[in-house]
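What follows is each chain in one-letter form.
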Amino acid sequence: TYGDKLMYTIDGTSYNINIDDQQSILEFQNQINLPDSMRDLSNQVTKTVHLRVPCPLLRNGIELIDAPGLGENEALNQVVESIITQCDAVIYLFN
């Protein structure tokens with residue numbers, strides 16, 4: 001989503017990200033990382049992170065969504081399926 005400055009919101013609380021500050025980047029990574037041991041627990045994969053970025057491409061309402069892949073487990077499949085139903089277009093990347 002477009003924003004005047006780089007920041008993210010988790011569970012209604014917003015945080016600024018200073019890309020010149022390593023500690024700020026590490027805090028962001030720690031907030032959004034879901035350890036492998038918790039990835040199959042459906043109550044742990046319901047958090048949504050909204051990232052706001054000062055990117056002109058996003059200014060007119062385009063939103064980019066990074067969702068987990070399909071087939072990892074049922075909890076993550078449900079997250080992806082709920083996101084896909086809200087999209088006008090989907091680009092699926094895999095390796």
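Residues numbered from 1 in each chain as written. Predicted model: local features only at pLDDT ≥ 70, side-chain atom pairs only at ≥ 80, totals over all residues. Heavy atoms only, no water.

**As for the confidence of the model for the chain**
1) Next: Looking at the chain as a whole, the pLDDT averages 81, with 88% of positions reaching at least 70.
2) Next: Within the chain, the lowest mean pLDDT, 82, falls on helix α2 (residues 74-84), and the highest, 87, falls on strand β1 (residues 7-10). (pLDDT = per-residue confidence, 0-100. Helix = DSSP H or I, 4+ residues; strand = E, 2+ residues; numbered from the N terminus.)

**With respect to the sheet that holds strand β2 (residues 13-16)**
1) Next: An order of β2-β1-β3 is seen for the 3 strands of this open sheet, with the pairing classed as antiparallel. Of all strands in the sheet, those with a lone pairing partner are β2 and β3 (49-52), marking the two edges. Each adjacent strand pair in this sheet contributes to an overall mean axis angle of 20°, direction not counted.
2) Next: Contacts from helix α1 (residues 22-32) reach β1, β2 and β3 within the one sheet, and its direction differs from that of β1 by about 30°. (Pairing = 2+ DSSP bridges. Axes fitted to C-alpha atoms, helices over the stretch in contact; angles between N-to-C directions. Contact = heavy atoms within 4.5 Å.)

**Regarding the packing of aromatic side chains**
1) Next: Here the structure, examined in full by the defined rule, presents 2 aromatic pairs.
2) Next: Ring geometry for Tyr8 versus Tyr15: centroids 5.0 Å apart, planes at 20°, classification stacked.
3) Next: Within the aromatic cluster, the residues linked to one another by ring pairs are Tyr8, Tyr15 and Phe28. (Phe/Tyr/Trp six-rings, centres within 6.5 Å; stacked < 30°, edge-to-face > 60°.)

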